[in-house]
Amino acid sequence: MEVEGVALDLIALAYDAALAPEKWRALMERLVRAMGARSAGLREADCDAGDVRLFETVGYDPAFVAAYRQHFVRIDNLNSAYLNTPVHTVLTSDEVMPWARQCKTEFGSDYVIAQKIRHMMGTILARDGNYHLLLGVQRELGQPAFDADERRLLGLVAPHIARAAHIHRQMADVTAQKHWAFSALDRLRVGVILLDERGRPLFANRDAERLERSKREADRHPR
């Protein structure tokens, strides 16, 4: 694998996804192919509270995604190791817990093995209070473990995916704030028109639109 070239391709796609959320899935699919994996997930979670906010998953049965949110996040034996390592440290599941021990846990038997997953590799991208943002890739039983090049690739793209996710969140916040601001203006009993720096209309509330319709009607049918 030509690690640097693949990394640059993934990094460019990550920043595209920051501004065009529909591209997160394309990024994750490209990552899965680059890693020779069967699935990947980008999730934000508060494990103590059992609250999971998923950005994107590929290669997962939706039933298992739902089951993780509803139950398995609370008993995920691998989370504690990831939570206690520095941000962007790449770890494999076998480094966190030997496979024989994983198989004896409820999470290992009812979630990991039930999906025929064998090798997992991931990294914490960011922490925000009790929430952590985790990027992980998985391989099936019968596939080899992730190698040094694949570990290096994940380490190279991790900081950029973290930054892209942060930009994505900020853009979503701005969009939400704009929505609530426009909603408040719509409820005013006075016409409001917002203009750009060239005097072109950007937004007109309902009362302004009503007045404009009345004006057009009066112009068409003068007395």
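Reference entry: report on the structure contained in this document. The structure displayed is predicted, hence computed values, not measured ones. (Residues numbered from 1 in each chain as written. Predicted model: local features only at pLDDT ≥ 70, side-chain atom pairs only at ≥ 80, totals over all residues. Heavy atoms only, no water.)

**Here's the deal with the sheet that holds strand β4 (residues 117-128)**
Strand order in the open sheet formed by 5 strands is β2-β1-β5-β4-β3, with antiparallel pairing between adjacent strands. Pairing within the sheet leaves two strands with one partner each, and these edge strands are β2 (51-58) and β3 (90-92). Strand-to-strand twist across the sheet, computed as the mean angle between neighbouring axes with direction ignored, equals 20°. Two strands pair when backbone bridges link them, and strand β1 (residues 39-46) and β2 are joined in this way by 7 bridges, in the antiparallel orientation. Counterpart to Arg43 in the pairing with β2 is Leu54. The strands touched by helix α2 (residues 24-35) within the sheet are β1, β2, β4 and β5 (131-140), with β2 carrying the most contacts at an inclination of about 65°. Where helix α3 (residues 62-70) meets the sheet, it contacts β1 and β2, and its direction lies at approximately 160° from that of β2. (Pairing = 2+ DSSP bridges. Helix = DSSP H or I, 4+ residues; strand = E, 2+ residues; numbered from the N terminus. Axes fitted to C-alpha atoms, helices over the stretch in contact; angles between N-to-C directions. Contact = heavy atoms within 4.5 Å.)

**A word on the packing of helix α1 (residues 3-19) against α2**
Contact pair α1 / α2: the axes reach a minimum separation of 8 Å and the direction vectors enclose 165°. By the angle between their directions, the pair α1 and α2 is classed as roughly antiparallel. Two packed elements cross with a definite hand, and for α1 against α2 that hand is left-handed. On α2, the residues that touch Val6, Asp9, Leu10, Leu13, Ala14, Ala17 and Ala18 of α1 are Trp24, Ala26, Leu27, Arg30, Leu31 and Ala34. (Parallel < 35°, antiparallel > 145°, perpendicular 65-115°, else oblique. Left-handed = near helix turned anticlockwise from the far one by under 90°.)

**A few points about α2**
With 12 residues, α2 should reach 16 Å at 1.5 Å per residue; the first-to-last C-alpha distance of 17 Å fits that figure. Of the positions making up α2, those classed as buried are Trp24, Leu27, Met28, Leu31, Val32, Ala34 and Met35. Projected down its long axis, α2 carries its buried residues within an arc of 165°, all on one side. Note on α2: the residue one or two positions beyond its end, Gly36, has a positive phi of about 60°. (Expected span 1.5 Å × (residues − 1). Buried < 20%, exposed > 50% of the residue type's maximum accessible area, 1.4 Å probe, protein only. Arc of directions from axis to C-beta.)

**Some thoughts on the side chain of Ser39**
Considering the arrangement of structural elements, one finds Ser39 in strand β1. Of the polar contacts made by the side chain of Ser39, one reaches the side chain of Arg38; its length is 3.2 Å. Within the structure, Ser39 has its side chain in polar contact with the side chain of Gln138 (distance 2.7 Å). (Polar contact = N/O pair within 3.5 Å; in protein donor to acceptor, adjacent residues only side chain to side chain.)

**What to know about the nonpolar core**
Among soluble globular proteins, nonpolar side chains are generally buried collectively. If you look at the biggest cluster of nonpolar residues, it comprises 34 residues, and the most contacted ones within it are Met35 and Ile161. Counting residues per element, the ones that place at least two in this core are α1, α2, β1, β4, β5 and α8 (148-186). Not counting residues within four places of it along the chain, the set of residues in contact with Ile161 comprises Ala14, Trp24, Leu27, Leu42, Leu125 and Leu135. (Core = buried A, V, L, I, M, F, W, Y, C linked by side-chain atoms within 4.5 Å.)

**Structural notes on the pattern of salt bridges**
On inspection of all chains with the given rule, the structure shows 10 salt bridges. The residue Arg53 makes a salt bridge to Glu44 at a minimum N-O spacing of 3.7 Å. The class of Glu44 is buried, set by a relative accessible area of 8%. With a closest N to O distance of 2.6 Å, Arg151 and Glu95 form a salt bridge. (Salt bridge = Lys/Arg side-chain N within 4 Å of Asp/Glu carboxyl O.)

**Description of the packing of aromatic side chains**
Scanning the model with the defined rule gives 7 aromatic pairs in all. Relative to Phe55, the ring of Trp24 lies with its centre 5.9 Å away and its plane at 80°, an arrangement referred to as edge-to-face. Here the residue Trp24 occupies a position in helix α2, and Phe55 occupies one in strand β2, the gap between them amounting to 31 residues. Accessibility expressed as a relative area gives 2% for Trp24, which makes it buried. Ring plane angle 20° and centroid distance 5.2 Å describe the contact between Phe107 and Tyr111, whose orientation is recorded as stacked. (Phe/Tyr/Trp six-rings, centres within 6.5 Å; stacked < 30°, edge-to-face > 60°.)

**Focus on the environment of Met121**
Within the element layout of this structure, Met121 appears in strand β4. Owing to a relative accessible area of 2%, Met121 belongs among the buried residues under this scheme. Once residues lying within four places of it in the same chain are set aside, the contact partners of Met121 are Met35, Tyr82, Val90, Leu91, Thr92, Leu135, Gly136, Val137, Phe146, Glu150, Arg151 and Leu154.

Just geometry here; none of it tells us what the structure is for.
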